[in-house]
Amino acid sequence: MPGLLGKKIGMTSVFSADGKNVPCTVIEVGPCVVTQVKTAATDGYDAVQLGFEEKKDKHTTAPMAGHFKKAGTAPQRYLAEFKGFEEEYKLGDVVTVDKLFSDADFVDIQGTSKGKGFQGVVKRHGFGGVGQSTHGQHNRLRAPGSVGACSYPAKVFKGMRMAGQMGNEKVTVQNLQVIKVLPEHNLLMIKGSIPGSKGSIVIIEK
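Quick caveat: nothing in here was measured; it's all calculated off a predicted structure. (Residues numbered from 1 in each chain as written. Predicted model: local features only at pLDDT ≥ 70, side-chain atom pairs only at ≥ 80, totals over all residues. Heavy atoms only, no water.)

Undergrad: Help me understand the overall build of the protein chain, please; the structure alone is not making it clear to me.
TA: Secondary structure assignment for the protein chain yields 4 helices and 12 strands. Dimensions of the protein chain along its principal axes, counting C-alpha atoms only, are 70 × 50 × 35 Å. Burial statistics for the protein chain: of 206 residues in total, 33% are counted as buried. Excluding contacts between residues fewer than 6 apart, the proportion of contacts in the protein chain whose partners are at least 24 apart in sequence is 67%. (Helix = DSSP H or I, 4+ residues; strand = E, 2+ residues; numbered from the N terminus. Buried < 20%, exposed > 50% of the residue type's maximum accessible area, 1.4 Å probe, protein only. Contact = heavy atoms within 4.5 Å.)

Given below as structure tokens:
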């Protein structure tokens, strides 16, 4: 699907036509520059690589500097590929939020969720805990309970829900409603929340 790269600015709220207070997320979308055009003849598939947020030459590796020089653009901090653009783009073209999302009612957003660190099964998976909190119970209230059989198969199966790293993973939220497009500031207002913390990079797809 066609889309753009953006940065999560934060959350606010707006009033709808019927007077309801609607929470929404503000995203700085683009402008994104075309750094590579892939075709079925040369690469086996059709796609457009977009870059977002310029960076200094000294922070760019030599291979990537050559890649951007070939495209005739400044070094970009973030890159992503998108398929299905209706319009044909050339190297160096700039894609803005109003060009792509002015007629969009719903979008899919992909981001990296906030990291919660090492968490137990109650917070990570919603377990209810073991037993009751009294009658001799000592320290097993938030424990996971049994995780495997003793005699057979004498192992713990893969995928068992246990304590571990929570968050900091790629999350996609689909069918989020577009509240407003502000092209003069490259902003997109989305109803509700999206994955990630303030300042994190997200991918918005039509």
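Undergrad: What should I look at first to understand the packing of aromatic side chains in this one?
TA: For any two aromatic rings, the description comes down to two numbers: the centre-to-centre distance and the angle of the planes. The final tally for this structure, using the stated rule, is 1 aromatic pair. Each ring, one from Phe85 and one from Tyr89, has its centre 5.4 Å from the other, and the planes form 85°; the classification is edge-to-face. Take Phe85 and Tyr89: they sit in the same class, and that class is buried. (Phe/Tyr/Trp six-rings, centres within 6.5 Å; stacked < 30°, edge-to-face > 60°.)

Undergrad: Any chance you could explain a nonpolar patch on the surface here in plain terms?
TA: A contiguous nonpolar surface patch, about 340 Å² in accessible area, is contributed by Val156, Phe157, Met160 and Met162. Position of Phe157 among the secondary structure elements: in the loop between α4 (121-125) and β9 (164-166). (Patch = residues over 30% accessible without salt bridge, like charges linked within 9 Å, V, L, I, M, F, W, Y side chains within 5 Å. Areas by Shrake-Rupley, 256 points an atom, 1.4 Å probe, with all protein chains shown as cover. Salt bridge = Lys/Arg side-chain N within 4 Å of Asp/Glu carboxyl O.)

Undergrad: What is the right way to read the sheet that holds strand β2 (residues 21-29) from this model?
TA: The strands making up a sheet associate through backbone hydrogen bonding, with each pair oriented either parallel or antiparallel. Read around the barrel, 6 strands follow the order β1-β2-β11-β10-β7-β12 and close on themselves; strand pairing throughout is antiparallel. Strand-to-strand twist of the sheet, defined as the mean angle between neighbouring strand axes without regard to direction, takes the value 50°. Strand direction decides the pairing type here: β2 and strand β11 (residues 187-191), joined by 5 bridges, are antiparallel. Within β11, the residue paired with Ile27 across the bridge is Leu188. (Pairing = 2+ DSSP bridges. Axes fitted to C-alpha atoms, helices over the stretch in contact; angles between N-to-C directions.)

Undergrad: What exactly am I supposed to notice about the pairing of strand β7 (residues 106-112) here?
TA: Both faces of the sheet carry side chains from a regular strand, because those side chains alternate between them. Note that β7 and strand β10 (residues 170-182) share 6 bridges and pair antiparallel. Residue pairing across strands places Gly111 opposite Val171, the latter belonging to β10.

Undergrad: Any chance you could explain the pattern of salt bridges here in plain terms?
TA: Pairing is possible between side chains of opposite charge, provided their charged atoms come close. Summed over the entire model, instances satisfying the criterion amount to 3 salt bridges. Across the salt bridge formed by Lys7 and Glu53, the nearest N and O atoms sit 2.8 Å from each other. Taken together, the positions of Lys7 in strand β1 (residues 3-15) and Glu53 in strand β4 (residues 47-54) put the pair 46 residues apart, joining distant regions of the chain. Residue class for Lys7 comes out partly exposed when judged on its relative accessible area of 22%. Linking Glu81 and Lys38 is a salt bridge whose minimum nitrogen-to-oxygen distance equals 2.6 Å. Of the two residues, Glu81 sits in strand β5 (residues 76-82) while Lys38 sits in strand β3 (residues 32-38), which places them 43 residues apart along the sequence. Judged by relative accessible area, which is 33%, Glu81 ranks as partly exposed. Ionic contacts of the salt-bridge type, sharing partners, join the residues Lys7, Glu53 and Arg77 into one network.

Undergrad: Can you walk me through a positive patch on the surface in this structure?
TA: On the surface, Lys114, Lys116, Lys123 and Lys198 cluster together to form a positively charged patch. Among the secondary structure elements, Lys116 is positioned in the loop between β7 and β8 (117-119). (Lys, Arg positive; Asp, Glu negative; His and termini not counted. Charge placed at Lys NZ, Arg CZ, Asp CG, Glu CD.)

Undergrad: I keep staring at the side chain of Thr73 and nothing clicks. Help me out?
TA: You can see Thr73 is positioned in the loop between α2 (62-71) and β5. With relative accessibility at 17%, the residue Thr73 sits in the buried group. Excluding residues that lie within four positions of it along the chain, Thr73 makes contacts with Val33, Val34, Thr35, Phe68 and Gly92.

Undergrad: I keep staring at the environment of Pro153 and nothing clicks. Help me out?
TA: Residue position: Pro153 is located in the loop between α4 and β9. Along the primary structure Pro153 and Glu86 are separated by 67 residues, whereas in three dimensions their C-alpha atoms are 55 Å apart.

Undergrad: So what exactly am I meant to see when it comes to the pairing of β2 here?
TA: Pairing between β1 and β2: 9 bridges, direction antiparallel. Residue Thr12 lies in a different strand from β2, and its bridge partner there is Cys24. Between the end of β1 and the start of β2, which pair antiparallel, lie 5 residues, with Gly19 showing a positive phi angle near 90°.

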